[in-house]
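Analysis of the macromolecular model
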Amino acid sequence: DCVSCHMPPVVRPAAEGMPSRQGRRHLFHGGHEPERVKESLRVDYRLEDDDLIVSLTNVGAAHYLPTGTPDRHLTLELKLLGQRGEVLKEKVHTMKRYILWRPFIVDLRDTRLPYSQPREFRIPLARSGPAAPAAIDVTVRYHLLDEARRKKIGYQNTEPIAYPLYHERIPL
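Here the structure is a predicted model, which means the values were calculated and not measured. (Residues numbered from 1 in each chain as written. Predicted model: local features only at pLDDT ≥ 70, side-chain atom pairs only at ≥ 80, totals over all residues. Heavy atoms only, no water.)

With respect to the nonpolar core
Counting residues in each nonpolar core, the largest one holds 25 residues, and the members touching the most others are Val54, Leu56 and Leu76. Of all the secondary structure elements, the ones that give two or more residues to this core are β3 (41-48), β4 (51-58), β5 (73-81), β8 (119-124), β9 (135-143) and β10 (162-171). Beyond its immediate sequence surroundings of up to four residues, Leu56 is in contact with Leu41, Arg42, Val43, Leu76, Met95, Leu113, Gln117, Pro118, Arg119, Phe121 and Val140. (Core = buried A, V, L, I, M, F, W, Y, C linked by side-chain atoms within 4.5 Å. Buried < 20%, exposed > 50% of the residue type's maximum accessible area, 1.4 Å probe, protein only. Helix = DSSP H or I, 4+ residues; strand = E, 2+ residues; numbered from the N terminus. Contact = heavy atoms within 4.5 Å.)

Right, here's the structure in full:
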């Protein structure tokens, strides 16, 4: 249930002067804690013929990843890099809940990661010739709020609204 994951156990008195007892801290850990979110995501990759396959699996959240407000989303950023580190090709995959806000909230589609169901992303690679990449840069980023929406609502954040969960440069 939500409480067992988001509210850590604690032994303390329920009120001043009372005996200590088992309870929960009312912190509701979640998306604002990068280390907590990182524990929920597994990233695997493999080379198969002329493709790199990146697999994302929600391994720690017993609900969709991400969850919370519909603004939260994940991005998988893939960059094919040349011999000097230049970007040859770039692709961004977004995992989010797409909704219609007005006249009432309607779910249109949902591409977030369900618990324990790997999702694969296939990246074709030209393995020879002048366009052959030397490496691929893989970044998974957690977004608390979309930048366009932040501007629209005038939110003046003091903390970043997105942070990396995973980053690796894979030599080819």
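A closer look at unusual backbone geometry
Residue Pro66 follows Leu65 across a cis peptide bond; omega there is -5 degrees. Along the chain, Pro66 falls in the loop between β4 and β5. The phi dihedral of Asp49 is positive, around 55 degrees, even though this residue is not glycine. For Asp49, the position within the fold is in the loop between β3 and β4. One non-glycine residue, Ser116, adopts positive backbone phi at about 65 degrees. Classification of Ser116 as partly exposed rests on a relative accessible area of 47%.

Here's the deal with the side chain of Asp51
Looking at where Asp51 falls in the secondary structure, it is placed in strand β4. By relative accessible area, Asp51 is classed as buried at 16%. Side-chain polar atoms of Asp51 contact the side chain of Arg122, separated by 2.9 Å. For Asp51, the residues in contact, after removing those within four places along its chain, are Arg46, Arg122, Ile123, Pro124 and Leu125. (Polar contact = N/O pair within 3.5 Å; in protein donor to acceptor, adjacent residues only side chain to side chain.)

A word on the sheet that holds β4
Strand order in the open sheet formed by three strands is β3-β4-β8, with antiparallel pairing between adjacent strands. Edge strands, defined here as strands with exactly one partner in the open sheet, are β3 and β8. Between one strand and the next, the sheet's axes are offset by a mean angle of 20 degrees, whatever the strand orientation. Pairing geometry for β4 and β8, over six bridges, is antiparallel. Within the sheet, the bridge partner assigned to Ile53 lies in β8 and is Arg122. (Pairing = 2+ DSSP bridges. Axes fitted to C-alpha atoms, helices over the stretch in contact; angles between N-to-C directions.)

Remarks on the side chain of Ser55
Its place among the elements puts Ser55 in strand β4. Sequence-distant contacts of Ser55, defined by excluding residues within four places in its chain, comprise Arg42, Val43, Asp44, Pro118, Arg119 and Glu120.

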